[in-house]
Amino acid sequence: TRPSSKSPPGSVDPPPTAPMPTKNKPKRKPSPAAWKRIRLFAMDVDGVLTDGTVQIFADGNECKSFSILDGTGIVRLIKSGIAVAWISGRASQATTRRAQELRVPHLIQGRTDKRAALEELAARLGLTAAECVYMGDDDFDAPAIAWAGIGAAPCESMPAALAAATFVPRRHAG
């Protein structure tokens, strides 16, 4: 087992191979037609594109680990014509740097009302909720997950995010 930033001190999460509890499984799966409507894939950063760990050093600099596989997927989405957005509740130079490397066209930082940020971006792009995917892992993300045509949450997300999700991938975040 591994310590978790989302668990109380001294507790541990189940091993990565543990099945997802039944109560957190989505009520329905997105249909192939729902996936074909998607024009925007928006996501939280910490806990979705990373394992949720942020190392902050004494000088104020920080360090995050981003998955290369996620980066490859994001580049493929952009090349296929799907708009990509990162919506993070906290501003981070590491996030800005990674977004620049991947050429993520829409980076929104310092917004804890993720649903409002997502709705504003969708309106600016002329998109409806049905044309958006939002993936998040935390309570702040649940309203955006519920609003999007396809709401997604990594399998180890907070209960509110999992309850709002229509899609829960088996792979862990980051």
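Quick summary incoming for the structure in this document.

Cut-offs applied
- Residues numbered from 1 in each chain as written.
- Predicted model: local features only at pLDDT ≥ 70, side-chain atom pairs only at ≥ 80, totals over all residues.
- Heavy atoms only, no water.
- Phe/Tyr/Trp six-rings, centres within 6.5 Å; stacked < 30°, edge-to-face > 60°.
- Helix = DSSP H or I, 4+ residues; strand = E, 2+ residues; numbered from the N terminus.
- Buried < 20%, exposed > 50% of the residue type's maximum accessible area, 1.4 Å probe, protein only.
- Pairing = 2+ DSSP bridges.
- Axes fitted to C-alpha atoms, helices over the stretch in contact; angles between N-to-C directions.
- Contact = heavy atoms within 4.5 Å.
- Expected span 1.5 Å × (residues − 1).
- Polar contact = N/O pair within 3.5 Å; in protein donor to acceptor, adjacent residues only side chain to side chain.

Turning our attention to the packing of aromatic side chains. Enumeration according to the criterion identifies 2 aromatic pairs in this entry. A ring pair is formed by Trp-35 and Phe-167, whose centres lie 5.5 Å apart and whose planes are at 90°; its orientation type is edge-to-face. With Trp-35 in helix H1 (residues 32-36) and Phe-167 in the segment after helix H6 (159-164), this pair connects stretches of sequence that are 132 residues apart. Judged by relative accessible area, Trp-35 falls into the partly exposed class, the value being 34%. Centroid distance Phe-66 to Trp-86: 6.1 Å. Interplanar angle 10°. Geometry classified as stacked. Remark: Trp-86 occurs in strand E6 (residues 83-88) and Phe-66 occurs in the loop between strand E5 (62-63) and helix H2 (68-79); sequence separation between them is 20 residues. The exposure class of Trp-86 is buried, given its relative accessible area of 1%.

With that settled, consider the sheet that holds strand E9 (residues 150-152). Taking strand neighbours across the sheet as the criterion, the 5 strands line up as E7-E6-E3-E8-E9 in an open arrangement whose pairing is parallel. The strands lining the two open edges of the sheet, one partner per strand, are strand E7 (106-109) and E9. Going across the sheet, the axis of each strand differs from the next one's by a mean of 15°, ignoring polarity. Pairing analysis gives 3 bridges linking strand E8 (residues 132-135) to E9, with the strands arranged parallel. Bridge pairing in E9 links Val-133 to Ile-150. Sheet contacts for H2: strand E3 (40-43) and E6; angle to E6, the most-contacted strand, approximately 135°. Lying on the sheet, helix H4 (residues 114-125) is in contact with E3, E6, E7 and E8; it crosses E6 at an angle near 155°.

Another point: H2. Helix length check: H2 (12 residues) gives 17 Å between terminal C-alpha atoms against 16 Å at 1.5 Å per residue, within 8%. N-capping of H2 is provided by Ser-67, with a side-chain oxygen placed 3.1 Å from the backbone N of Leu-69. One or two residues past the end of H2 sits Gly-81, with phi positive at roughly 95°.

Note that all results are geometric; they support no functional claim without further evidence.
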